[in-house]
Amino acid sequence: MIRRATKTDLETLVSWAAKEGWNPGLADVDAFWRADPEGYWVDEMDGEIAAGVSLVHHHADYGFLGFYIVAPQFRGQGLGFKLWSQVLAMSQAKTVGLDGVVAQQENYRKSGFAYAHANARYGAQLTCEDPRDPRIVRASEAPLEALLAYDAGCNPASRARFLAAWLDPTADGRHGRLALAFRDGGAITGLGAIRACGSGYKIGPLFADSPDIADRLFRTLIARVGGGHVYLDIPMPNPEARALALRYGMHPVFETARMYRGHYPELPLRRIFGVTTFELG
């Protein structure tokens, strides 16, 4: 039986993802659930969850597909693909994106997805000195509408519900999330967040108008949580993002393919230094 997932179901899927080594954030569930409570699906067999997938609609015209996972005892029976196909068929969004594992690109093409570019996850054990730049403030201290507009300029559509949750000022970077904005003369010219995961921290998003702003946000985020093993998912067409990762001794640990079905969005990849993933699958 295919049905919408409850929040408890989503917590179960996240625990599966942790066992598979996907390393989700410790406080991911609440923020992604608030983005679209109807965006999560499971296939149930005899009262037991067998598979799950997410198709979060940030906007009526834009959805993102992910969290595609099947319980080990149910693999090889076609349940995951059945769930994937049915959920995808229900979407009316003009654009659906995904970050898929490289080995499955051909299967994604069969579902109507076209390759856009590669993303690579870089990681390293890092400590950074806080640059103490007065232009860097907690995101909660900047106007929310300005932050939403800046984020929308780096995505196919507005992610208002997601971002409002992701930038929650009650979050704590050491155990949840810390979000910072770069304000230059009152304008938002950079946005970054770091979150605690089962292993280390992930930075995402990391958007900036220049490599220098991205570097300053990167160092500040790491310094504010006290350092640790840090991961950053970068779009490979942005050479300055790769340069940032390499400058701090980070190395690639995983690669995905960004793919879209429907309308192909033209994004300012030179401003995108790190993307946010609610794990891949």
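Residues numbered from 1 in each chain as written. Predicted model: local features only at pLDDT ≥ 70, side-chain atom pairs only at ≥ 80, totals over all residues. Heavy atoms only, no water.

## What to know about the environment of Tyr122
And then number 1: Structurally, Tyr122 can be placed in strand S6 (residues 114-126).
And then number 2: Once the C-alpha coordinates of Tyr122 and Ala179 are considered, the two residues, 57 residues apart in sequence, prove to be 20 Å apart.
And then number 3: Look past the residues within four positions of Tyr122 in its chain and what remains in contact with it is Val230, Tyr231, Leu232, Ile234, Met236, Arg242, Ala245, Leu246, Met250, His251 and Pro252. (Helix = DSSP H or I, 4+ residues; strand = E, 2+ residues; numbered from the N terminus. Contact = heavy atoms within 4.5 Å.)

## Let's talk about the pairing of strand S9 (residues 187-196)
And then number 1: Of all the ten residues making up S9, nine are buried; the element is thus mostly covered by neighbouring parts of the structure.
And then number 2: Alignment of S9 against strand S10 (residues 201-208), held across six bridges, turns out to be antiparallel. Across the sheet, Gly190 pairs through a bridge with Ala208, a residue of S10.
And then number 3: Between the antiparallel neighbours S9 and S10 lie four residues, among them Gly200 with a positive phi of about 70°. (Buried < 20%, exposed > 50% of the residue type's maximum accessible area, 1.4 Å probe, protein only. Pairing = 2+ DSSP bridges.)

## Comments concerning helix H8 (residues 239-247)
Three- or four-residue spacings in an α-helix give side chains the same orientation, since the helix completes a turn every 3.6 residues.
And then number 1: For H8, the complete set of buried residues consists of Ala241, Leu244 and Ala245. When H8 is viewed along its axis, its buried side chains cluster within an angular range of 95° and face the same direction.
And then number 2: Contacts made by the buried residues of H8 are with S6, S10, helix H7 (211-225), strand S11 (228-235) and strand S13 (272-274).
And then number 3: Here H8 starts with a cap whose side-chain oxygen sits 3.0 Å from the backbone nitrogen of Glu240, and that cap is Asn238.
And then number 4: Phi turns positive, to about 75°, at Gly249, one or two residues after H8. (Arc of directions from axis to C-beta. Polar contact = N/O pair within 3.5 Å; in protein donor to acceptor, adjacent residues only side chain to side chain.)

## Brief notes about the confidence of the model for the chain
Detailed reading of predicted coordinates is not advised where the pLDDT is low.
And then number 1: Across the chain, the average pLDDT comes to 92, with 96% of residues at 70 or higher.
And then number 2: Within the chain, H8 carries the highest mean pLDDT (98), whereas helix H2 (residues 28-35) carries the lowest (88). (pLDDT = per-residue confidence, 0-100.)

## Quick word on H2
And then number 1: The element H2 is extensively covered by neighbouring structure, given that six of its eight residues are classed as buried.
And then number 2: All of the buried residues in H2 are Asp28, Val29, Ala31, Phe32, Trp33 and Ala35.
And then number 3: Contact partners of the buried residues in H2: helix H1 (7-19), strand S2 (40-45), strand S3 (48-59), helix H6 (160-166), strand S8 (177-184) and S9.

## Here's the deal with the packing of aromatic side chains
And then number 1: Considering all chains together, one arrives at ten aromatic pairs under this definition.
And then number 2: Their ring planes at 45° and their centres at 5.1 Å tell us that Tyr68 and Trp84 sit as a pair that is tilted. One end of the pair, Tyr68, is in strand S4 (residues 62-70); the other, Trp84, is in helix H3 (residues 79-90), and 16 residues separate them in sequence.
And then number 3: By relative accessible area, which is 5% here, Trp84 ends up buried.
And then number 4: Seen in terms of ring centroids, Phe218 and Tyr248 are 5.1 Å apart; in terms of plane orientation they differ by 35°. Their pairing is tilted. With Phe218 in helix H7 and Tyr248 in the loop between H8 and strand S12 (251-262), this residue pair connects regions lying 30 residues apart in the sequence.
And then number 5: Judged by its relative accessible area of 0%, Phe218 falls in the buried class. (Phe/Tyr/Trp six-rings, centres within 6.5 Å; stacked < 30°, edge-to-face > 60°.)

## Thoughts on the nonpolar core
And then number 1: If you look at the biggest cluster of nonpolar residues, it comprises 60 residues, and the most contacted ones within it are Leu65, Phe113 and Leu147.
And then number 2: With residues up to four places along the chain from it excluded, the contact list for Leu65 reads Val53, Ser54, Leu55, Trp84, Leu88, Val96, Gly97, Leu98 and Phe113.
And then number 3: Counting residues in each nonpolar core, the second largest holds 30 residues, with Ala196, Ile203, Leu217 and Ala241 among its members. (Core = buried A, V, L, I, M, F, W, Y, C linked by side-chain atoms within 4.5 Å.)

## Concerning the packing of H1 against H2
And then number 1: Direction vectors running N to C along H1 and H2 enclose 130°, while the axes themselves pass 10 Å from each other. One way to sum up the angle between H1 and H2 is to call them oblique. The handedness of the crossing between H1 and H2 is right-handed. Contacts between H1 and H2 involve Lys7, Leu10, Glu11 and Val14 on the former and, on the latter, Val29, Asp30 and Trp33.
And then number 2: Here the contact of H1 with H2 is composed, by residue class, of four nonpolar, no polar and three charged. (Axes fitted to C-alpha atoms, helices over the stretch in contact; angles between N-to-C directions. Parallel < 35°, antiparallel > 145°, perpendicular 65-115°, else oblique. Left-handed = near helix turned anticlockwise from the far one by under 90°. Nonpolar A, V, L, I, M, F, W, Y, C, P; charged D, E, K, R; others polar.)

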